[in-house]
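Letter by letter, the chains look like this.
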Amino acid sequence: MQLATKLIHAGVEPDPATGAIMTPIYQTSTYVQEAPGKHKGYEYARTQNPTRKVLEQAVAAVENGTHGIAFSSGMAAIEAMMHTLQPGDKVIASNDLYGGSYRLFTRIFAKYGIEFQFVDLQDAGRLEQFADERTRLIWIETPTNPLIRIVDIQACAEIAHARGALLCVDNTFASPWLQNPLDWGADVVVHSATKYLGGHSDVVLGVVVVKDVSLAEQLYFIQNSAGAVPGPHDCWLVLRGMKTLHVRMQRHCENARQIASFLRQHPKVQQVHWCGFSDHPNHAIARKQMRDFGAMMSFVLKDDRIETAHRILSSTRLFALAESLGGVESLIGHPASMTHASIPREERLKSGLSDSLIRLSVGIEDVQDLIADLEQALEKA
Ligand SMILES: *Cc1c(COP(=O)(O)O)cnc(C)c1O
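Being a predicted model, the structure only gives us computed values, none of them experimental.

(A) Local environment of the layout of surface pockets. Its volume calculated, the largest pocket comes out at about 1200 Å³. For the largest pocket, the lining is made up of 43 residues, of which L97, Y98, G99, Y102 and H340 are closest to its centre. Broken down by secondary-structure element, the contributors of at least two residues to the lining of the largest pocket are α3 (74-82), α4 (99-109) and α13 (345-350). Among the residues making up the lining of the largest pocket, the classes are represented as 16 nonpolar, 15 polar and 12 charged. Each of domain 1 (3-242) and domain 2 (245-378) contributes no fewer than three residues to the lining of the largest pocket.

Shown next, in the form of structure tokens:
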């Protein structure tokens, strides 16, 4: 079955009770048993819920995994993966990680004796230098936020496996439509379904997908034991969103292509970070592992000052000033004063996050309207 068909049908059956074509929202906390221990596979809703189960099967199918495990947020999904580790284990993560993951690793899990190293993995070969016999997990994001760098999933998987470690890819930025990390050798995929999978900026949810039964069993055990499960209504919203992922992604990518070219030739713009440009430093890897180049991009102004960026951010009318990404509406953000504000300026500049760097999550509105909006805002720069 092709991906577009899977997005609509995988894991979904007509409701056995009524034939309803749409998965019902099983808004219940418990299930009545016929006799003690005699039931239809459902006992208590933290442990099992039919709406959640359909979502888990659907996400597993579109990521070419065997098991999906859903959580109440992307962070809860990432936390569950961390709970599979033991004190003394080492994790190597790519260095420009989602801020929430960095915080979870360094402020919560480091104190339980798990060691984290953050390495620039644009050259995956660098893993060889850092991975040792204590390394259990390699954690990458690709494309990265906000500089849209690309990490070679297949190369990381080969090195991880040679060292006896697992490779986990946070696939939130790409979505399963653009990239399926398990096909390139990754062992685990995590999603903040809050972003492209849900796609309508109306739900917070996370999913882990694996292709190994014993890892899946561990994660279901953690899901039930720690209990960060999503509600059935939220599961249903993501299921509904997923049915149009391919159509949305195609428009996201088309719009992004035009906006990236518009920005690149604009006299006030110094540089545009978007992995679809043939001179992007990791373009060849993007071509290899992605089906298209996505709708996340960032750009730097020639007048590289925070105040100048702020004038643009307060002048757009369609691009909404907000954190998050992946929804139908276009968003604009300023890492230096929003997502990356807690990083000291010197360090921020060293990692390439200039004062005027502006990030866009290109939505699926009419592209001419989006370009006109950026054009009038750039006049204020
Ligand atoms: C948003 C995001 C998360 C966290 O997901 P939540 O659903 O907000 O908890 C993790 N990774 C990436 C790349 C994200 O963009």
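We are not done yet, so read on.
(B) Summary view of the site of the ligand. The environment of the ligand is formed by 14 residues, the closest being M75, D170, S192, T194 and K195. Contact distances for the ligand include 2.9 Å between an oxygen atom and a backbone N or O atom of G74. A distance of 2.6 Å separates an oxygen atom of the ligand from a polar side-chain atom of T194. When the ligand sits alone it has 380 Å² of accessible area, and the protein chains cover 92% of it. Spatially, the ligand is embedded in the largest pocket. Considering every element that reaches the shell around the ligand, the biggest residue donor is α3, with three residues. Considering only residue class, the shell around the ligand consists of seven nonpolar, five polar and two charged.

(C) Local environment of the sheet that holds strand β1 (residues 67-71). Here we have seven strands laid out as an open sheet, ordered β1-β7-β6-β5-β4-β2-β3, and mixed in their pairing. Edge strands, defined here as strands with exactly one partner in the open sheet, are β1 and β3 (115-119). The mean angle between the axes of side-by-side strands here comes to 20°, regardless of whether they run parallel or antiparallel. Direction of pairing for strand β5 (residues 166-170) relative to strand β6 (residues 188-192): parallel, over a ladder of three bridges.

(D) Broad picture of the confidence of the model for the protein. Taken as a whole, the protein shows an average pLDDT of 97; of its residues, 100% reach a score of 70 or greater. The least confident element of the protein is α13, whose mean pLDDT is 90; the most confident is β1, at 99.

(E) Here's a closer look at the UniProt feature "modified residue: N6-(pyridoxal phosphate)lysine" (unreviewed entry) in the protein. The feature "modified residue: N6-(pyridoxal phosphate)lysine" (unreviewed entry), as annotated in UniProt, sits at K195 in this numbering. For K195, the position within the fold is in the loop between β6 and β7 (206-210). What makes K195 buried here is its relative accessible area of 10%. Beyond its immediate stretch of four places on either side in the chain, K195 contacts T172, S324, L325 and G326.

(F) Local environment of the domain arrangement of the protein. When the domains of the protein are assigned, the result is domain 1 (3-242) and domain 2 (245-378). Here the C-alpha centre of domain 2 lies 26 Å away from the C-alpha centre of domain 1. On the side of domain 2, 39 residues touch domain 1, which itself brings 35 residues to the contact. Together domain 1 and domain 2 conceal approximately 3200 Å² of surface at their shared face, both sides included; 60% is due to carbon and sulfur atoms. It is W177, L178 and Y196 that lose the most area in domain 1 upon contact with domain 2, and together they represent 24% of the buried surface on that side. Taken together, domain 1 and domain 2 are joined by one salt bridge. For K288, the salt bridge goes to D152, with nearest N and O atoms at 3.2 Å. Where domain 1 touches domain 2, the interface holds 19 residue pairs in polar contact (both at pLDDT 80 or more).

What counts, and at which threshold
- Residues numbered from 1 in each chain as written.
- Predicted model: local features only at pLDDT ≥ 70, side-chain atom pairs only at ≥ 80, totals over all residues.
- Heavy atoms only, no water.
- 1 Å grid on protein atoms, 1.4 Å probe; cavity = no way out; pocket = protein on both sides within 12 Å on 5 of 7 lines; lining within 4 Å.
- Points joined across faces, edges and corners; volume = space filled by probe spheres on them.
- Helix = DSSP H or I, 4+ residues; strand = E, 2+ residues; numbered from the N terminus.
- Nonpolar A, V, L, I, M, F, W, Y, C, P; charged D, E, K, R; others polar.
- Domains from an automatic or database assignment.
- Near = heavy atom within 4 Å.
- Polar contact = N/O pair within 3.5 Å; in protein donor to acceptor, adjacent residues only side chain to side chain.
- Areas by Shrake-Rupley, 256 points an atom, 1.4 Å probe, with all protein chains shown as cover.
- Sits in = over half its atoms within 2 Å of the grid points.
- Pairing = 2+ DSSP bridges.
- Axes fitted to C-alpha atoms, helices over the stretch in contact; angles between N-to-C directions.
- pLDDT = per-residue confidence, 0-100.
- UniProt positions renumbered as here; feature names shortened; annotations may be inferred.
- Buried < 20%, exposed > 50% of the residue type's maximum accessible area, 1.4 Å probe, protein only.
- Contact = heavy atoms within 4.5 Å.
- Buried area = accessible area lost by both parts, 1.4 Å probe.
- Salt bridge = Lys/Arg side-chain N within 4 Å of Asp/Glu carboxyl O.

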